[in-house]
Amino acid sequence: MLSVQHVSGGYSGEDVVKDISFSVNKGELFGILGPNGSGKTTLLKMLSGILPFGQGEILIGGKRLQTYSPKQLAQKIAVLSQHSTQSFSYTVKETVALGRYAHQKGLFQTWSQEDEAVVQRVMKQIGVSKFQEKNIQELSGGEKQRVFLAQSLAQEPEILLLDEPTNHLDLSYQKELLDLLKQWTIENGLTVISIFHDLNLAGLYCDRLLLLEKGRIKINHVPNEVIREETIRDVYQTKIQKHPHPKVAAPQMVLLPEKQKLENLIQINESLLLQSDEIICLKSPNPLRTMSSGVIGSGTGWHQTFVNRHVCKDYNCSDHREEMASFLLSKGFEPSETVGMMTAVLLADVEYRLFEAGGFSIFVVVTAGVGNAVDASNSDMHGVEMMPGTINTWIFVNGELTEEAFIQSIMTATEAKTKALHDLEVRDEITGTIATGTSTDSILIAATQAGKGLDYAGTVTPLGKLISKAVYHCTTNAVQKSQKRKRS
Amino acid sequence: MLRPSIRKFLNNKIAAYTIAGIFLIISILLGIGIGTVSVPVPIIIKIIGAKLFGFSINDVEPMFKSIVLNIRLPRVILSGLVGASLAIAGAAFQGLLRNPLADPYTLGVSSGASVGAVITLFFKLSIPFVGYFTLPLLSILFSFITIFSVLTFARKIERSMRVETIILTGIIFSSFLGAVISLMIALTGDELRQIIGWLLGSVSMRGWEYIKIILPFFIIGSGILLLNVKELNAMSFGEERAQHLGVNVQKRKLVILTAGSILTGAAVAVSGTIGFVGLVIPHLARMVWGPDHKHLLPLSILIGSGFLILADLISRTIISPTELPIGVITALIGAPVFAVILLQRKRMERSG
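Residues numbered from 1 in each chain as written. Chains lettered and ligands numbered in written order. Predicted model: local features only at pLDDT ≥ 70, side-chain atom pairs only at ≥ 80, totals over all residues.

Under an unreviewed UniProt entry, the name given to chain B is ABC transporter permease protein YvrB, and the source organism is Neobacillus kokaensis. In UniProt, chain B has this text filed under Sequence similarities (unreviewed entry): "Belongs to the binding-protein-dependent transport system permease family. FecCD subfamily." Its UniProt record gives chain B the following Subcellular location (unreviewed entry) comment, quoted word for word: "Cell membrane". (UniProt positions renumbered as here; feature names shortened; annotations may be inferred.)

Taking an unreviewed UniProt entry as the reference, chain A is identified by name as ABC transporter ATP-binding protein YvrA belonging to Neobacillus kokaensis.

Student: I'd like a rundown of the overall build of chain B, residues and numbers included.
Tutor: Counting its secondary structure elements, chain B contains 15 helices and zero strands. Its C-alpha radius of gyration of 20 Å places chain B within 12% of the 20 Å reference for a compact globule of 352 residues. Dimensions along the principal axes, computed over C-alpha positions, put chain B at roughly 65 × 55 × 40 Å. Of all 352 residues assigned to chain B, the portion counted as buried reaches 50%. The long-range share in chain B, meaning contacts at least 24 apart out of those at least 6 apart in sequence, stands at 77%. (Helix = DSSP H or I, 4+ residues; strand = E, 2+ residues; numbered from the N terminus. Rg over C-alpha atoms; globule rule 2.2 N^0.38 Å. Buried ≥ 20, exposed ≤ 12 C-beta atoms within 10 Å, placed from the backbone. Contact = placed C-beta atoms within 7 Å.)

Student: An account of the environment of R98 of chain B is needed here, citing residue identities and associated values.
Tutor: Note on placement: R98 of chain B falls in the loop between α4 (62-97) and α5 (109-122). For the pair R98 of chain B and G272 of chain B, spaced 174 residues apart in sequence, the C-alpha separation works out to 26 Å.

Student: Explain unusual backbone geometry to me, and be specific about the residues and the numbers.
Tutor: Residue and element names in this part refer to chain B. In this structure, F129 is a non-glycine residue whose phi angle is positive, near 75°. As for its placement among the helices and strands, F129 is situated in the loop between α5 and α6 (134-157). Even without glycine at this site, F276 takes up a positive phi of about 70°. Position of F276 relative to the elements: it lies in the loop between α12 (249-271) and α13 (277-288).

Printed below as a string of structure tokens:
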């Protein structure tokens, strides 16, 4: 569709883009990225025929760009710039109708039925027909941008060029505009070439990305290859971290602000723990990076308050999340900042302790009841009804963990718990075999993300060793306390 | 901005043209009828009808006939043509430069044309073979040079060529060129009144000769502009946008600026610098119709000619028997309108 071969050029003799070659296929959504001054806009101006280029060739549909007359070119390529100035109050329809200019022939350029049909269809598709008689100066930024998109599409182009189309638009309009463009590439085979400032938007919508650095191509590839931490950090000269999109297979980037050095490193330990008959609560001075299973705040996130709540054995609620949230609110906790768990175990039997090793420490809190202990290898013999009894394990790490270390921590903690149950010979009441856990166990790994870096938490790593020891110790003691209470 | 309801009513093509047409006809009748000797409307119609269709009339006083045909009709036609030329040129400049404050006068083009005209008249120049067309041709040439100098200069100040920058540049040029005219006239020893005549414009005592001078240029200039209405629409969204839409911007810009210069040059050659017509009229036409140049230009012609006929009528009757230069009247109306548009724009920029 479009092919750029060894193009160089710029303003007044100085080359802004240097030896650029790439090609874009029909129906592709092709993104151009790069820091300020990397030549994105210059390149786009060359593609749109506004700016002559020094060396190289640009081929559109196999023909050289220079051989097109302005009208012919406008039938092939339409351009949507980031903002358009309007000095006069044209109506929306008049504005969109101008897109037909390139298709009108003859001295008087009469308005044909086809022109009218195209304009009406495009206005409908872009969703501007309901205010077609309105004055464009009265529209909001997002609506205006849609009107100009409709104008560009009324040209019935094969290629649409966009210069940061979402600039100045609020979040919902950004998404709306890009969804529309994506839809047009799929349904109408439109080729879209767009400059992006927002790497995440580009990663989310583009089929392919071209990353420019100082006028040259750094990389031209699929988003997952282009949006890599090292590449982006290198080109944009800033700290950035890649993480996956929760719903879509698209790479996303987050900025890392320069850390303000904390005066004194915090340590999570028993001094922060508050205990009553109803709840055990730990309030951290700083938010902690967490990975947890629980009623509230599960998954990964940042949380500052941790609550283990005692509920009676016949607790039953159709929406226990909602109920837990309102419970937390009533106790003065902010649910969005809190990881909340429930247990039927008496909270007085909690077991906690700080364990220290070279340069870091962990604080473990366990409440354990084994009334519904289960042997995981025989769990299909169990029904789904819930039985009271739960092992809730909290592990606070005073150190900096990688994602990998979080997952390994969970594995290590689980293995240690299972071993503890094994050594205590806790049995699954239905199968009669030794239990590996209970049916409602929850775990929390929370790290301060400050201090010593801990990359791994496998069972023989320093962190893994400490977790194994701590969880084994606390689980054993907690189960014993609970068993003692039951017997007495 | 008019309320949408009014705009909707006026958005009817026929209504807009009818209003503008009636306005022009009334202006013509008033322009011919009123003066030291009043001529009743039926008699005006009779005399003009007789002249047009070649039948003779005997029941009309010869004095009326002479006043209408030799004095008032040429004067009305001339002011009408000048008004139409300036208005359509103003509309074109505004669309092209995306600048609602642009007009031949504020851009300095009128002053440039005046310099050309004054040079021709006071040095009694005559280009071989073109005879009395030397005057408009030199005016046109000077308008053309002026508009290009103004635009080049404005672009030098600021690439984006903001509305205010262009107008400021135009005013600088216009003051300078006005001073040059005054100097030239003073050096040739003529009296001061004539200087004022040129600087503020006048259509008095010109006769049919001057109509012959302006008419062909008016037809050529407006013809060219009317063939470029689509391009003007596109360019009022910016030159880059116009090019993306498929307009050959460099060529069309040159064509439109040339046509604007032809219209301004010819108008100034016959009447001196009459200000603000090209500013007020397109603004008015936009209010009754909207910014679409396809109708904005013809409406500007109709309203512009009617407006200048009325302005001329006021200028010769208000302190009769003394005649005011017509530019005094247009400036009295135009300068406040200029101020209002400027205020509106600033308010819009602030709110938008």
